[in-house]
Amino acid sequence: MLHFRMNMPFSYMALYGSVMILAVLFLRFLLKERMPKFVFPVLWGVVLLRLLVPFSISSPLSLPVPSAPFMSDLFSDQVFFSETAAYAATDTAIGQAALGGAEASVEAVAEENVMAGNGSAVPQFQNVGYGTRSLRNVLPALYLLGLAATAGVLGWQKYSYAKKLKGSLLMEHNETVNSLLRELDMGHVLVFTNDEIASPMVCGLLAPKIYFPTRIDFQNTVLLRHILAHETMHIRRRDNWMKNIMLLTLVMNWYNPLVWVMAKCLASDLEAACDAGVLERCDEEGRKSYAYSLLAMAITGGRSTLLYSAFSRSEVEKRVKGIVHYRKATVITLLFSLLFLLGSTAVFASGGQAPFSSYLAPYCASSNSRWGVKARIARDISLGENAGERAMEAIFSVLREDTSGDPDILEREIKAALAEAFGVEKRAFFVELNLCLDEDEIAAEYAQWGIEKGKDGFWLYKGKQIRNYEDKMLGAFQSREKGETDISVQRDRLGNIISVEVWRRGDREYDERTWKTEQGKTGGGKDMTLETQESE
């Protein structure tokens, strides 16, 4: 099931685009000499699409959405939120609510449970620090400044060339050029000469024109044929459109060095693809002649290949080497290239998805099972009406029949039930299981290990007050300022208690916890809220 939206944040477009650039560079390094030359310009086109268009396609190929502070959009002002403790409290509350065969699907219980003293924390907004806020305020201005500077430089280059081309002379009476264009079925294209340019070029989008430097030997018919064949190939392939889209991408992503590397590689690959297009119509002698024509047009130094065709000496040398090693593509090679393009495009287009709400259903627990379930979606999919209710029905259908008590078996069965209910793959769901016991069961288990609840609702260990208590698998936590011990209840994968870790005053672990608590109170724990957020 595919799900399409136009909601990709700019920062995620830049991230996914950068990953795609690295992937194409790697493929280019491995396969450049083995694949037809048109393959990589097409792949670069997919990368440009990712960097410019905010589409998001969710598919079974989609990877989890990255979640890191720097990934927030440059132009948004988000506040980081820590709610791990609240979820733990919710899990405990629902576990305690599943009494006497009742099934529970509760969200609001968490607040009541925490306020009653059964949980240790209420969700609080965390301040990420003045320095971070200041940086977030400055970044948009820096980005716009760089964008304006890059647009100005590239725009000035295009303006300078356009100004040079204004004095060009139309070659309307050159029968050699006109006959060659008719042979190429491009008789509608206008050809000009200009004494301010050093090598041939194509300029224009809607009505592209070919420009020759006046230094060309117009009596050399072979040279003219090769140049016109190459330049008209650029026109056929709409390479000027591709280069202008590339320039727009550079302006939008001026800060990303990978985009500049991509631009250089794309310009080179476009030239190689046009050379290959010309060589397909040549025999062995024609290819040698074409290589000599390129060498004849090579110039010292070189014009920016980001704007126009590449005839600098270094670029011509690369192109001649490509001509020497040129081999016509076989049917098998073309078929493989087509499959390669389709597969790569599918992966690139749907591999990254925009941020989305993973919420599917409230926490579900049944007295027929020792486990409570929280289900989420792993990718952005449309599940239709009443998705939450349908998900709960699927989850409860599994919990009611649970006889194994094995969380791994339950997870597989719940994913299968959800996949069947919504008609998507099992990997589309995340299933989290927590031990879910009623108060009497918990008290009976704890009593065997010397843990009992005091009159104030807080746990005691062997009659002594506990400062910090946790039972991770149960999702239960308690904390108070004073106490003689810290304890952690350890369970095996089936939820049975196997040990209780105890730290007393004077133990290294206990003293470290005390120090961290005191540092947090006095403000000595600088950036502690940010570290907590990152650890979650």
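Quick caveat, the model's predicted, so the values are computed rather than measured. For every chain, the first residue of the written sequence is number 1, and numbering continues from 1 along that sequence. Per-residue local features of the predicted model are confined to residues with pLDDT of at least 70, and side-chain atom pairs are confined, for both listing and counting, to 80 or more; whole-chain, interface and lining totals are unaffected and use all residues. Side-chain numbers here rest on the full set of heavy atoms in the structure, without hydrogens or water.

1. Remarks on a nonpolar patch on the surface
And step 1. A cluster of nonpolar side chains, contributed by Leu-335, Leu-338, Leu-339 and Leu-342, occupies part of the molecular surface with about 410 Å² of accessible area.
And step 2. Under the scheme used here, helices are H or I runs from DSSP no shorter than 4 residues and strands are E runs no shorter than 2 residues, and both carry numbers assigned from the N terminus. Positionally, Leu-335 belongs in helix α12 (residues 331-351). Patch criteria: residues need more than 30% relative accessible area and no salt bridge. Like-charged residues are merged within 9 Å; nonpolar side chains of Val, Leu, Ile, Met, Phe, Trp and Tyr are merged within 5 Å. Areas reported here follow the Shrake-Rupley algorithm with a probe of radius 1.4 Å; residue values treat only the protein chains shown as occluding. Criterion for a salt bridge: a side-chain nitrogen of Lys or Arg within 4 Å of a carboxyl oxygen of Asp or Glu.

2. Side note on unusual backbone geometry
And step 1. The backbone phi angle of Asn-386 is positive, close to 55°, even though this residue is not glycine.
And step 2. Tracing the backbone shows Asn-386 in the loop between β11 (371-377) and α13 (387-400).
And step 3. Phi is positive for Lys-462, which is not a glycine, with a value near 55°.
And step 4. Summarising the element assignment, Lys-462 is placed in the loop between β14 (459-461) and β15 (464-471).
And step 5. According to the relative accessible area criterion, Lys-462 is exposed, its value standing at 59%. Residue exposure (1.4 Å probe, protein chains only): buried if accessible area is under 20% of the type maximum, exposed if over 50%, otherwise partly exposed.

3. As for the sheet that holds strand β6 (residues 169-170)
And step 1. Whether two strands pair comes down to DSSP finding at least two bridges between them. Here we have 4 strands laid out as an open sheet, ordered β6-β7-β9-β8, and mixed in their pairing. The sheet terminates laterally at β6 and β8 (201-203), the two strands that pair on one side only.
And step 2. Inspection of the sheet shows β8 paired to strand β9 (residues 209-213) by 3 bridges, in the antiparallel sense. In the strand pairing of β9, Cys-203 is matched with Lys-209.
And step 3. Packing of helix α7 (residues 221-236) onto the sheet brings it into contact with β7 (191-194), β8 and β9, and relative to β9 it is tilted by some 145°. It only takes one pair of heavy atoms within 4.5 Å for two residues to be counted as in contact. Every angle, taken between N-to-C directions, lies between 0 and 180 degrees, and every axis is a line fitted to C-alpha atoms, over only the stretch in contact when it is a helix.

4. Some thoughts on helix α8 (residues 239-252)
And step 1. By this rule the span expected of a helix is its residue count minus one, scaled by 1.5 Å. Spanning 14 residues, α8 covers 20 Å between terminal C-alpha atoms, matching the ideal 20 Å at 1.5 Å per step.
And step 2. Residues of α8 that are buried: Asp-239, Asn-240, Met-242, Lys-243, Met-246, Leu-247, Thr-249, Leu-250 and Val-251.

5. Notes on the pairing of β9
And step 1. Among the 5 residues of β9, 4 are classified as buried, and the element is accordingly described as predominantly covered.
And step 2. Relative to β9, β7 runs parallel, the two being bridged by 4 bridges. In the strand pairing of β9, Val-191 is matched with Ile-210.
And step 3. The hairpin turn running from β8 into β9, its antiparallel successor, is 5 residues long, and Gly-204 in that turn takes a positive phi close to 115°.

6. Let's talk about the confidence of the model for the protein
Close reading of the predicted structure is inappropriate where its pLDDT is low.
And step 1. Confidence of the predictor at the level of single residues is captured by pLDDT, which takes values from 0 to 100. Taken over all residues, the pLDDT of the protein has a mean of 79, while the share at 70 or more is 78%.
And step 2. Predicted confidence for residues 69-102 stays below pLDDT 50, and this span has 81 contacts to residues more than four positions away or in other chains.

7. Things to note about the nonpolar core
And step 1. Judged by nonpolar contacts, the single largest core of 43 residues is most densely connected at Leu-360, Leu-418, Phe-422, Phe-429, Tyr-446 and Tyr-469.
And step 2. Considering every element that reaches this core, the biggest residue donor is α13, with 7 residues.
And step 3. Once residues within four sequence positions are removed from consideration, Leu-360 is found in contact with Ala-375, Arg-376, Ile-377, Leu-383, Ala-387, Gly-388, Ala-391, Leu-418, Phe-422 and Phe-429.
And step 4. In this description, a nonpolar core means a group of buried Ala, Val, Leu, Ile, Met, Phe, Trp, Tyr and Cys residues linked to one another through side-chain atoms lying within 4.5 Å. Counting 30 residues, the second largest nonpolar core, distinct from the first, contains Ala-229, Met-233, Val-278 and Leu-279.

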